[in-house]
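# A structural walkthrough
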Amino acid sequence: MIEVKNLHKSFDGKNVLNDISATFKDGITNLIIGQSGSGKTVFMKCIVGLLTPDNGELLYDGRNILGMGKNEKKELRKEMGMIFQSAALFDSMTVFENVTFPLQMFSNMTLREQIRRALFCLERVNLLDAKNKYPGEISGGMQKRVAIARAISLKPKYLFCDEPNSGLDPKTSLVIDDLIHSITQEYNMTTIINTHDMNSVMGIGENIIYLFNGNKEWEGNKEEIFNVDNKNLNDFIFASDLFRKVKKIEEGESHNE
Amino acid sequence: MGQVFSRPERIKIYFKEFTKEVEKLGVNSIGIVVLISLFIGAVIAVQIKLNIESPWMPRWTVGYVTREILVLEFSSAIMCLILAGKVGSNIASEIGTMRVTQQIDALETMGINSACFLILPKIAALMIFIPLLVTFGIAAGILGAYATCWFGHIMTTADLEAGIQYEFKEWYIWCSFIKSIFFAFIIASVSAFFGYTVKGGSNEVGKASTDSVVCCSVLILFSDLILTEVLMG
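Residues numbered from 1 in each chain as written. Chains lettered and ligands numbered in written order. Predicted model: local features only at pLDDT ≥ 70, side-chain atom pairs only at ≥ 80, totals over all residues.

Our next topic: the overall build of chain B. Secondary structure assignment for chain B yields eight helices and zero strands. The order of helices and strands in chain B, counted from the N terminus, is α-α-α-α-α-α-α-α. Buried residues in chain B amount to 43% of all 233 residues. Within chain B, contacts between residues separated by at least 24 positions form 87% of all contacts whose residues are at least 6 apart in sequence. (Helix = DSSP H or I, 4+ residues; strand = E, 2+ residues; numbered from the N terminus. Buried ≥ 20, exposed ≤ 12 C-beta atoms within 10 Å, placed from the backbone. Contact = placed C-beta atoms within 7 Å.)

From N to C terminus, chain A includes nine helices and ten strands. The C-alpha atoms of chain A give a radius of gyration of 19 Å, which matches the 18 Å a tight globule of 257 residues would have. Overall, chain A is about 60 × 40 × 30 Å in size when its C-alpha atoms are taken along their principal axes. Residue burial in chain A is summarised as follows: out of 257 residues, 40% are buried. (Rg over C-alpha atoms; globule rule 2.2 N^0.38 Å.)

With that out of the way, let us pick up the packing of helix H5 (residues 114–150) of chain B against helix H7 (residues 170–196) of chain B. Residue and element names in this part refer to chain B. For the pair H5 and H7, interaxial distance at closest approach is 8 Å and the crossing angle is 150°. For the element pair H5 / H7, the angle class is roughly antiparallel. The chirality of how H5 crosses H7 is right-handed. Contact residues: H5 offers Ala-115, Ile-119, Lys-122, Ile-123, Leu-126, Met-127, Ile-130, Pro-131 and Val-134, while H7 offers Ser-176, Phe-177, Ser-180, Ile-181, Ala-184, Phe-185, Ile-187, Ala-188, Ser-189, Ala-192 and Tyr-196. When its residues are assigned to classes, the contact of H5 with H7 shows 16 nonpolar, three polar and one charged. (Axes fitted to C-alpha atoms, helices over the stretch in contact; angles between N-to-C directions. Parallel < 35°, antiparallel > 145°, perpendicular 65-115°, else oblique. Left-handed = near helix turned anticlockwise from the far one by under 90°. Nonpolar A, V, L, I, M, F, W, Y, C, P; charged D, E, K, R; others polar.)

Structurally, Gly-233 of chain B can be placed in the segment after helix H8 (202–232). Distance from Gly-233 of chain B to Ser-176 of chain B, taken between C-alpha atoms, is 14 Å for residues 57 residues apart in sequence.

Counting all residues, the mean pLDDT for chain B is 91, and 100% of those residues have values of 70 or more. Predicted as a complex, the structure gets a pTM of 0.83 and an ipTM equal to 0.80. (pLDDT = per-residue confidence, 0-100.)

Next up on the list: the sheet that holds strand E9 (residues 207–212) of chain A. All names here are of chain A. With mixed pairing, six strands are arranged side by side in an open sheet as E6-E7-E8-E3-E9-E10. Among the strands making up the open sheet, the edge pair consists of strand E6 (80–83) and strand E10 (215–220). Put simply, the sheet's adjacent strands are angled 15° from each other on average, direction ignored. When strand E7 (residues 158–162) meets strand E8 (residues 190–195), the two strands line up parallel, connected through five bridges. Across the sheet, the residue bridging to Tyr-158 is Thr-190, located in E8. Each of E6 and E7 touches helix H5 (residues 140–152); the most contacted strand, E6, lies at about 175° to it. (Pairing = 2+ DSSP bridges.)

Let us look at the environment of Lys-207 of chain B. Assignment of secondary structure puts Lys-207 of chain B in helix H8. Taking the C-alpha atoms as reference points, Lys-207 of chain B and Phe-194 of chain B, separated by 13 residues in sequence, lie 9.2 Å from one another.

The subject of this paragraph is helix H6 (residues 170–187) of chain A. Residue and element names in this part refer to chain A. In this model H6 runs 26 Å from its N-terminal to its C-terminal C-alpha over 18 residues, within 8% of the 26 Å that 1.5 Å per residue would give. For H6, every residue scored as buried is listed here: Ser-173, Ile-176, Asp-177, Ile-180, Ile-183 and Thr-184. Buried residues along H6 cover an arc of 135° about the axis, so they all sit on one side. Seen from the buried face of H6, the exposed residues on the opposite side, beyond 90 degrees, are Lys-171, Asp-178 and Glu-186. Contact partners of the buried residues in H6: strand E3 (29–33), H5, E7, E8 and helix H7 (198–204). Just downstream of H6 lies Asn-188, where phi reads positive at about 50°. (Expected span 1.5 Å × (residues − 1). Arc of directions from axis to C-beta.)

Let us look at helix H3 (residues 95–106) of chain A. The complete set of buried residues in H3 of chain A reads Val-95, Phe-96, Asn-98, Val-99, Thr-100, Phe-101, Pro-102 and Leu-103 of chain A. Its buried side turned inward, H3 of chain A meets helix H4 (111–124) and H5 of chain A.

All names here are of chain A. In this sheet, E9 lies alongside E3 in parallel orientation, the contact comprising four bridges. Its bridge partner being in E9, Ile-32 is matched across the sheet by Ile-209. Counted along the chain from E9 to the antiparallel partner E10, the turn is two residues long, and its residue Asn-213 has a positive phi close to 50°.

Residue and element names in this part refer to chain A. In space, the four strands of this open sheet follow the order E2-E1-E4-E5, with antiparallel pairing throughout. The sheet is open, and its two edges are formed by strand E2 (14–24) and strand E5 (63–64), each paired on a single side. As judged from the five bridges shared by strand E1 (residues 2–11) and strand E4 (residues 55–60), these two strands associate in the antiparallel manner. Residue pairing for E4: Val-4 is matched across the bridge by Leu-58.

Across the contact, 14 residues belong to chain A and 13 residues belong to chain B. Breaking the side of chain A that touches chain B down by element, the ones donating at least two residues are helix H2 (70–77), E6 and H3 of chain A. A total of three residues in the side of chain A that touches chain B trace back to one element, the largest contributor, which is H3 of chain A. Class assignment of the residues belonging to the side of chain A that touches chain B gives a composition of nine nonpolar, two polar and three charged.

As a further point, take the pairing of E7 of chain A. Residue and element names in this part refer to chain A. Taking burial as the measure, the five residues of E7 include five buried ones, the bulk of the element. Neither face of E7 is open: one carries Tyr-158, Phe-160 and Asp-162, the other Leu-159 and Cys-161, and all of them are buried. As paired elements, E6 and E7 share four bridges and run parallel to each other. Within E7, the position partnered with Gly-81 by the bridge is Leu-159. With respect to chirality, the unit in which E7 leads through H6 into the neighbouring parallel E8 is right-handed. (Right-handed = clockwise from strand over helix to strand, strands pointing away.)

What follows deals with the packing of H3 of chain A against H5 of chain A. Residues and elements named next belong to chain A. One way to put it is that H3 packs onto H5 with a least axis distance of 7 Å and a crossing angle of 25°. If you check the angle between H3 and H5, you find them roughly parallel. H3 and H5 meet at a crossing whose hand is right-handed. The residues of H5 that touch H3, namely those facing Val-95, Asn-98, Val-99 and Pro-102, are Val-146, Ala-149 and Arg-150. Here the residues of the contact of H3 with H5 sort into five nonpolar, one polar and one charged.

Below, the structure is given as structure tokens:
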């Protein structure tokens, strides 16, 4: 479980995150949603430790990352897996080498165990056939799946996904969402996903936090999100015609009942 | 810099990276070093012959001057200026691209000291391999000078050979090695710094690459002056 308490971050005097508190539980997919520029990525970077917040507390199962020394932080990072918006695979390594890299760096496994684990992770994301290819030779969706395989290779406790569906078609996005959701349950991880994809929200939004201009405006789940009295959130959700229609259908069904 | 020279997480992985860098930065530069040195050696020999030909000059002068230029300046300073363009821009653009595509963030998130992991093997590889490139440069330059005798017939090989062997000082070769090791450090570290601190996109990566070459060139020329004074003054 990750607890964020009164997090505050500013750049050059401009507030980007204002007093945000949230709890991200194990075994469920926690989504951070909001428009572009709402502070989602900064929020995630603060949680991961790539940015240092100005104020607040970040507790990883009770351990405050902000009070940790360099070595403690390093140890904690080994329990984290992260999937970046651009997949961030290492260009100079093959798919297989990308997945074995964290194992070589941090595990005490023998070479045979490392190979077995890497092959298992690649099989889990259905990419065994592409193991000898370089990132530049595979599609965006496949790159994201390799990133997932790399992120779970060390069996992390915490998984962070920064807009995992950006640049992907709706069908591939569904595959990625399902994969992240099932892996979260399988390993009982604390998973935090940054997204502005409403399909992901409706598909895997078990706990959702809505950010607007650096403020947390709403927290709930996918069942509640259509019935929130918040103009900013409604503008965000119903920016797409599709979800306006979905709401109408839902309202129609409940009226009939 | 402190981050770069901190203790590596896994020596074995770093050594693997080091060998990759030796191949990429060193072995892959042999071709261009040999080619340029071959022609420069030939041109120096022809220029010296044309410009100082006089009945008062000993016939071995051409060989002697060619050797001194190749050993003292060309093989170290000029060769490193060329390598600043080839290797320096390669390092800056590679690390810069890793920065803008979040690959460095990925390393940091894993708990890896990205500065040390990416930069240390490059600095070590170039510093260790550069004396070999200097040796190739000197050998190819002298071979180029010989080629002017064999194919251009501007003088006899015996005269050239006499000049090349005349008052040979081993220390000059060592000076060349020492200077080139300093220059290798400048090329690898300065280029890596420009790449590592890139912010933005492909435009900034291109700018970092250009800036690194300019900065390396100026630093190499400046340190050449100081090192020559210190080592030979």
